Each structure stands twice: as C-alpha cells, then as structure tokens.
Amino acid sequence: MNADRLLKLYEQISEAPDAIARLQRFVLDLAVRGKLVEQNRTDEPAKVLLKKVALEKEIGGVNKSRTRKSAHSAGEAASPIFDIPENWAWTTLAQISHQIHYGYTASAEPLEKSIRLLRITDIQNDKVDWDTVPGCVMDESTYEKYALKTHDLLIARTGGTIGKTFLVNETPVKSVFASYLIRVQPTAKISAEYIKLFCGSETYWVQLRDGSRGGGQPNVNGQTLGRLQMPLPPLAEQHRIVAKVDELMALCDRLEEARKTREETRDKLTAASLARLTAPDTTPEDFPDHARFAVEALHALTSRPDQIKTLRQTILNLAVRGKLVKQDPADEPASMLLESINAEHMQQVKQGTKKKSKPLPAIDRAEAPFHLPAGWAWARFPEVGAFGRGKSKHRPRNDPSLYAGGKTPFVQTGDVARSGGKIT
C-alpha cells in the first residue's frame, strides 16, 4: 500500500460522508493482516519474539502484578482469526503485557496540582491538555502503583467511549489514571505504537464488542481485554508498519482538510445558487437561467442529507412565491376566492354554526416580504379556514387513561412534533 494506491481508493469513495474514516479503517485492517508492508525473511520471527517476551515477564516478576493470573497466563494460546504471514504469530494482549489493571478511584480536585488524575473526559481527539487535568490526593506508595509511564496504553472500560484507547507518549507532570480506565503496560519487546494501531482495527473492535455484550451499560473488564487475540509481526516489521500507517494517516488528514475545504466551497455555491432563485432582485427574465443552473448542478449541490433539506425549503419557498409553476390568466383571481370564503363564513355565522370573528386590519402591501404574481393575493390564516386553539383540562399529559376506552383521537403537541408531517 502506497500513497498513490490510497488516493485511488479515496477517489472511489470520496463522495461518501465517512470516506476518510472508512479509508483509515481499511489501512488499519491491512496493517494487522500483514498486507501493508512487505515481509522480510531476515526478520526475527514473532514466535521467537514471544519466547523473549515470556522470559522478560518471568524475570520481571509478572506474578507480583495486581492483574489476575488467569488473564495473563503465558500458556494461553491464541486461536487464529484469519491467515497471517508465515513469520507472524497470534498472541493475546495479556501475553505481551506486564500488567492490565484498573485505575485509581478518587475525587478530582481541580485545585490540587501535585498529582494529576487523568480521566476519560480529559482525553479528546487522542490528545490531553495536561494544564486542565485536575489533581487528586494520594500517598506516595499508592502513586507508585498507578503512576503513568511512557508507552502505557489506556482503554476506556465503560460508557459511550468504551474501547477507545490512548497511548501515553509523554508524562510532563506526575499523573495517575482514573478508575474508568484500564491500563495495559506492554513489555519492552513489543512496540506500544503497534498495539495502539491494533486497537483501532476492526479485528480489535469485533472482539471487544463481543466481550462487552450483556447487561445494561456496555463495559469491558481486564480479563476480557487480556483475552483479545492480536496478530503479531516481527518487531522490525512492527516498526515498519507503524511508520507506514503514520505516513498514510497523515495523507488521510490532508485529504480530510481538502474535503472540508471542498465542502465549504460547495455549501457556499449551494446557498448562492438556491438563494438566487428567491432573491428580491431576481427578475422574471433572470429566473429561468438561475433555475437552469441549479437543476444542472443539482447532483453536485445535494450530495449530503443536510443539503437535501435546504433544497426542500427552496422548493417550498418557490411554491409560495409563484415561481414553481406557470400562472394561467384564465384562473379565478385569489381575491375572488377570498370573497367567496368570506361569504361562506358569514353564512355560517348567520346560521349560528360559527362565531363571528373580530375584523382583521387590512394588509399593508408595502410591507409584504415579496411581490406576488398577477392573480395572487395576501391573506391571513383566519381568512382561509377555521382557525383556533385547542383546549383540554386533562392533566397530566400522556395520562394512560387517555388511551383506554376513548373513541375520539386526542392530538397533543408531542404527536405533531413526532409526526414527520403525518399523524397516524
């Protein structure tokens, strides 16, 4: 995979709203399947690397860690999910980590700055503004257990951000991590950047979703994370993969900026094109040209759902301005229609089937928002039909008794709001 290939793929999906995100997922999927960079037969095989990892953990006294042994047993074998290159190996997150454990439970103290308490909410767009991270109170021995170190991987374990990861690249201040985060501490034999990359791949997310199902709010625990299966390349290839992903992600970022600029330009063109159709200074002679341009550019101007909404509004605006269909001089003028409606109204008043309404002030045509075609007229709602407020003394709204035994539909404001224009 190179930049030229990535650009060709982007051209194929560039009109999709999530084109960049899909492209990034595709890159990560290729990366963890061994299809992003070439393999080098001289690289030390991943199976040998795993033996060195096991030895490092044994020397480091992994059994003294706070993580349950079942989640870190070096004997746990990973089952292949898909085919990987010959010198790769399947492993688990537990096998390549010194420790997987929960964060510290404490109240955040905004004025306390000696030890910072990093929370899920402090991590935004894969970055942390350490100046805004609150502190917490703890003794030195507790701090040593939870102190953040470079290459620590933090994973959100609950809520809407479950599974999101953050790689600690620097620790400018003394800091620990909060209880809704799980820390994975990779061994020195494994690239932490590669693990972070894996945690953005579909292979990771499918397993994580399967492991967090059940119960109310989704959550994941340390044992579940420890059992996640990961395709492991040789260490040298891990570094090559990370470098290639960084290169392609930087290209994706540039494509995203270009997309935003293009969309902003398209939005301005859309707004200008549609505004010309209803602009006060648009003459009948100009209107056909403006309409023709809008129709010809319709595909480019309506590629997103929000642009369709604008188009709908423009169509309705044209309709009530008399610019959507041609006028027929033979049609009965609207003024005569209003007179007929008023006569019907007066007849109903005379018959006692309708109350007499208060007279409405005359419409000042000089204050009208736009000019009307010949034969049209300005009117108010009470002049064109029955007009009035509803009434109900029943409280509370949505009382179950309103739905039991009654035969007359009782339309409430919420029914209208949720109707989408049609009440059933």
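Residues numbered from 1 in each chain as written. Predicted model: local features only at pLDDT ≥ 70, side-chain atom pairs only at ≥ 80, totals over all residues. Heavy atoms only, no water.

Notes on helix H2 (residues 19-32)
- Its 14 residues place the ends of H2 20 Å apart at the C-alpha level, agreeing with the 20 Å of an ideal helix rising 1.5 Å per residue.
- Among the residues trailing H2, glycine 34 stands out with phi positive, at a value near 75 degrees. (Helix = DSSP H or I, 4+ residues; strand = E, 2+ residues; numbered from the N terminus. Expected span 1.5 Å × (residues − 1).)

What about the packing of aromatic side chains?
- One pass over the structure, following the stated rule, counts six aromatic pairs.
- Geometrically, the ring pair formed by tyrosine 146 and phenylalanine 177 is edge-to-face, given 6.0 Å between the ring centres and 65 degrees between the ring planes. With a gap of 31 residues between them, tyrosine 146 in helix H4 (residues 140-146) and phenylalanine 177 in strand E8 (residues 175-177) connect regions that are remote in the sequence.
- We classify phenylalanine 177 as buried; its relative accessible area is 0%.
- Members of the aromatic cluster, joined through ring pairs, are Tyr104, Tyr146 and Phe177.
- A cation sits over an aromatic face here: arginine 157 above tyrosine 102, 4.7 Å from the ring centre.
- Directly above the ring of tyrosine 143 sits lysine 174, whose terminal nitrogen or CZ lies 4.6 Å from the centroid. (Phe/Tyr/Trp six-rings, centres within 6.5 Å; stacked < 30°, edge-to-face > 60°. Buried < 20%, exposed > 50% of the residue type's maximum accessible area, 1.4 Å probe, protein only. Lys NZ or Arg CZ within 6 Å of the ring centre and 35° of its normal.)

Here's the deal with helix H3 (residues 46-59)
- Helix length check: H3, at 14 residues, gives a terminal C-alpha distance of 20 Å against a target of 20 Å (1.5 Å per residue), a fit within 8%.
- Restricting attention to buried positions, one finds in H3 the residues Ala46, Leu49, Leu50, Val53, Glu56 and Lys57. Seen end-on, H3 carries its buried residues on one side only, within an arc spanning 120 degrees. Turned more than 90 degrees away from the buried face of H3 sit Lys47, Lys51, Glu58 and Ile59, all of them exposed.
- Residues of H3 that are buried in the fold lie against strand E1 (89-92), strand E2 (97-102), strand E10 (229-232) and helix H8 (235-278). (Arc of directions from axis to C-beta. Contact = heavy atoms within 4.5 Å.)

Topic: the side chain of glutamine 207
- As for its placement among the helices and strands, glutamine 207 is situated in helix H6 (residues 202-211).
- Look at glutamine 207 and you get buried, because its relative accessible area is 14%.
- Looking at glutamine 207, its side chain comes within polar contact range of the main-chain nitrogen of glutamine 229, at 2.8 Å.
- When neighbours within four sequence positions are excluded, glutamine 207 is seen to be in contact with Ile81, Phe198, Arg227, Leu228 and Gln229. (Polar contact = N/O pair within 3.5 Å; in protein donor to acceptor, adjacent residues only side chain to side chain.)

Thoughts on the confidence of the model for the chain
- Chain-level statistics for the chain give a pLDDT mean of 85 and a share of 90% at 70 or above.
- The secondary-structure element of the chain with the lowest mean pLDDT is helix H1 (residues 3-13), recorded at 66, while helix H5 (residues 192-198) shows the highest, at 97. (pLDDT = per-residue confidence, 0-100.)

Digging into the environment of methionine 336
- By the secondary structure assignment, methionine 336 is in helix H12 (residues 334-351).
- For the pair methionine 336 and serine 107, spaced 229 residues apart in sequence, the C-alpha separation works out to 74 Å.

Some details on the layout of surface pockets
- Space inside the largest pocket adds up to approximately 1500 Å³.
- As for the largest pocket, its lining consists of 35 residues, and the residues nearest its centre are Asn125, Asp126, Lys127, Thr165 and Lys196.
- At the level of elements, H2, strand E4 (123-124), strand E5 (127-128), strand E6 (153-156), strand E7 (165-167), H5 and H8 are the ones that each hand at least two residues to the lining of the largest pocket.
- Residue contributions to the lining of the largest pocket peak at five residues, all from H8.
- Residue classes in the lining of the largest pocket are distributed as 17 nonpolar, nine polar and nine charged. (1 Å grid on protein atoms, 1.4 Å probe; cavity = no way out; pocket = protein on both sides within 12 Å on 5 of 7 lines; lining within 4 Å. Points joined across faces, edges and corners; volume = space filled by probe spheres on them. Nonpolar A, V, L, I, M, F, W, Y, C, P; charged D, E, K, R; others polar.)

Points about the packing of H8 against helix H11 (residues 305-320)
- Where H8 contacts H11, the two axes come as close as 10 Å, and the packing angle between them is 10 degrees. Between H8 and H11, the interaxial angle falls into the category roughly parallel. For the pair formed by H8 and H11, the contact residues are Arg266, Asp267, Thr270, Leu274, Leu277 and Thr278 on the first element and Gln307, Thr310, Leu311, Thr314, Asn317 and Leu318 on the second. (Axes fitted to C-alpha atoms, helices over the stretch in contact; angles between N-to-C directions. Parallel < 35°, antiparallel > 145°, perpendicular 65-115°, else oblique.)

Brief notes about the packing of H2 against H8
- The N-to-C vectors of H2 and H8 enclose an angle of 170 degrees; their axes lie 10 Å apart at closest approach. When the interaxial angle is binned, H2 and H8 end up roughly antiparallel. Taken together, the residues of H8 that come into contact with H2 (itself represented by Ile20, Leu23, Gln24, Val27, Leu28 and Ala31) are Ile241, Val245, Leu248, Met249, Cys252, Asp253, Leu255 and Glu256.
- For the contact of H2 with H8, the per-class residue count stands at 11 nonpolar, one polar and two charged.

Notes on the pairing of E10
- Residues Gln229 and Pro231 point to one face of E10 and Met230 and Leu232 to the other, with burial holding for every one of them.
- In this sheet, E10 lies alongside E1 in antiparallel orientation, the contact comprising four bridges. Residue pairing in the sheet places threonine 91 in a bridge with methionine 230 of E10. (Pairing = 2+ DSSP bridges.)

Thoughts on the pattern of salt bridges
- Evaluated as defined, the whole model comprises 11 salt bridges.
- A salt bridge links arginine 418 to aspartate 415, with the nearest nitrogen and oxygen atoms 3.4 Å apart.
- Its relative accessible area of 63% is what places arginine 418 among the exposed residues.
- On the accessibility criterion, aspartate 415 (22% relative accessible area) is partly exposed. (Salt bridge = Lys/Arg side-chain N within 4 Å of Asp/Glu carboxyl O.)

Description of the environment of glycine 375
- Structurally, glycine 375 is set in the loop between H12 and helix H13 (413-417).
- Glycine 375 sits in the partly exposed class, given a relative accessible area of 40%.
- For the pair glycine 375 and isoleucine 20, spaced 355 residues apart in sequence, the C-alpha separation works out to 53 Å.
- Beyond its immediate chain neighbours, meaning those up to four positions away, glycine 375 contacts Pro333 and Ala334.

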